[in-house]
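The chain contents come next:
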Amino acid sequence: MAIKLHGILRSPPALRAMAALFEKDLDFEFVPVDFATREQKTPQFLALNPFGQVPVFEDGDFKLFESRAITKYVAEAYADKGTDLVLKDPKISAIQTMWMEVEAQKFDPTSSKLGWELYFKQMFGLTTDEAVVADLEKKLEDVLDVYEQRLTESKYLGGDSFTLADLHHLPYLHILIGTKVKSLFDARPHVNAWASDILSRPTWVKVVSMSPK
């Protein structure tokens with residue numbers, strides 16, 4: 001059965017799902033969604049995702065939307081392939097899940113807004129709101145202080161190996177490292193080492209090479 005990933009190559013959630021597919025060494029078809037013509041709002045696409053957003057994932061007749069649900073399914077359904085992205089010991093697995101929740105609830109809300117202000121607004125010719133950025137920088141610092149402490153205890157957020165807890169950070173981490181808030185990562189040696197490590201993974205480098213410059 002053919003695996004398909006519907007999305008756009010500038011979408012952080014789509015790139016998150018793609019990174020998981022590459023980590024699991026899976027063959028898949030990337031199906032571009034034409035936002036210029038609002039393809040994501042057509043009845044055909046809404047049948048795949050009623051919210052009209054990307055990514056959408058198909059594995060034969062099995063369909064999913066929401067990037068973190070996709071990565072979890074790929075990691076578990078194809079556990080015997082590629083990188084082991086989920087941990088099996090119940091206690092260690094719970095720690096991994098905890099940091100996945102931290103990414104979704106603490107890191108992503110701030111980093112996605114910073115990404116909008118510092119990256120996407122420039123792309124669309126809009127003006128960055130520096131007051132908003134200053135407030136978000138403080139929130140990101142608070143999160144990164146927690147990460148710095150955690151990463152003194154283990155190489156990766158979920159433990160001693162790279163897992164979904166780390167992978168989920170990649171899209172916005174990549175964006176932010178290319179902006180002025182890179183200094184917030186540089187100022188925290190364990191966070192900086194962790195970010196450099198996961199951003200240099202061959203699978204993520206492959207994702208970036210496919211994305212528009």
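Residues numbered from 1 in each chain as written. Predicted model: local features only at pLDDT ≥ 70, side-chain atom pairs only at ≥ 80, totals over all residues. Heavy atoms only, no water.

### Details of a nonpolar patch on the surface
On the surface, Trp116, Met123, Phe124 and Leu126 cluster together to form a nonpolar patch covering roughly 380 Å² of accessible area. Within the secondary structure, Trp116 sits in helix H4 (residues 90–123). (Patch = residues over 30% accessible without salt bridge, like charges linked within 9 Å, V, L, I, M, F, W, Y side chains within 5 Å. Areas by Shrake-Rupley, 256 points an atom, 1.4 Å probe, with all protein chains shown as cover. Salt bridge = Lys/Arg side-chain N within 4 Å of Asp/Glu carboxyl O. Helix = DSSP H or I, 4+ residues; strand = E, 2+ residues; numbered from the N terminus.)

### With respect to the pattern of salt bridges
The final tally for this structure, using the stated rule, is 17 salt bridges. Taking the shortest distance from any N to any O, the salt bridge between Asp108 and Arg16 comes out at 3.6 Å. In this pair, Asp108 is assigned in helix H4 and Arg16 in helix H1 (residues 12–23), connecting sequence segments 92 residues apart. For Asp108, a relative accessible area of 16% translates into the label buried. Here Asp197 ties to Lys155 by a salt bridge, and the two come within 3.7 Å at their closest N and O atoms. Here Asp197, found in helix H9 (residues 189–199), pairs with Lys155, found in the loop between helix H5 (130–150) and helix H6 (164–167); they are 42 residues apart in sequence, far enough to count as distant. Beyond isolated ion pairs, a larger network of salt bridges with shared partners links Arg16, Arg68, Glu103 and Asp108. (Buried < 20%, exposed > 50% of the residue type's maximum accessible area, 1.4 Å probe, protein only.)

### Describing the nonpolar core
In terms of nonpolar packing, the biggest core is built from 55 residues, with Tyr147 and Trp194 touching the most fellow members. What Tyr147 contacts, discounting residues up to four positions off in sequence, is Trp99, Val102, Glu103, Phe107, Leu157, His169, Val191 and Trp194. (Core = buried A, V, L, I, M, F, W, Y, C linked by side-chain atoms within 4.5 Å. Contact = heavy atoms within 4.5 Å.)

### Concerning the pairing of strand S1 (residues 3–7)
For S1, a buried count of four out of five residues is recorded, marking the element as mostly surrounded by other parts of the structure. One ladder, built from four bridges, connects S1 with strand S3 (residues 56–59); its direction is antiparallel. Among the inter-strand pairings, His6 is bridged to a residue of S3, identified as Val56. As paired strands, S1 and strand S2 (residues 29–32) are joined by four bridges and run parallel to one another. Looking at S2, one finds that Gly7 is bridged to Pro32. Running through H1, the crossover from S1 to the neighbouring parallel element S2 is right-handed. (Pairing = 2+ DSSP bridges. Right-handed = clockwise from strand over helix to strand, strands pointing away.)

### Structural notes on the layout of surface pockets
The computed volume of the largest pocket comes to approximately 570 Å³. If you go around the largest pocket, you meet 24 residues; those closest to its centre are Ser11, Pro12, Pro13, Val54 and Tyr172. When contributions to the lining of the largest pocket are tallied by element, the ones reaching two or more residues are H1, helix H3 (67–77) and H4. No other element matches H4, which puts five residues into the lining of the largest pocket. Partitioned by chemical class, the residues of the lining of the largest pocket number 11 nonpolar, seven polar and six charged. Here the second largest pocket is characterised by a volume of approximately 300 Å³. Classifying every residue of the lining of the second largest pocket by side-chain character gives 11 nonpolar, five polar and two charged. (1 Å grid on protein atoms, 1.4 Å probe; cavity = no way out; pocket = protein on both sides within 12 Å on 5 of 7 lines; lining within 4 Å. Points joined across faces, edges and corners; volume = space filled by probe spheres on them. Nonpolar A, V, L, I, M, F, W, Y, C, P; charged D, E, K, R; others polar.)

### Focus on the packing of aromatic side chains
The geometry of an aromatic ring pair is captured by the separation of the ring centres together with the interplanar angle, meaning the angle of the planes. In total, this model carries 10 aromatic pairs according to the counting rule given. Aromatic pair Trp99 and Tyr147: ring centres 5.7 Å apart, planes at 85°, arrangement edge-to-face. Note that Trp99 is positioned in helix H4 and Tyr147 in helix H5, a separation of 48 residues in sequence. Among the aromatic residues, ring-to-ring pairing joins Trp99, Phe107, Tyr147 and Trp194 into one connected group. Between Arg201 and the ring centre of Phe162, over which it is positioned, the NZ or CZ distance is 3.8 Å. (Phe/Tyr/Trp six-rings, centres within 6.5 Å; stacked < 30°, edge-to-face > 60°. Lys NZ or Arg CZ within 6 Å of the ring centre and 35° of its normal.)

### Section: the environment of Asp129
With respect to the secondary-structure elements, Asp129 resides in the loop between H4 and H5. Placed 11 residues apart in sequence, Asp129 and Leu118 show a C-alpha to C-alpha distance of 8.9 Å.

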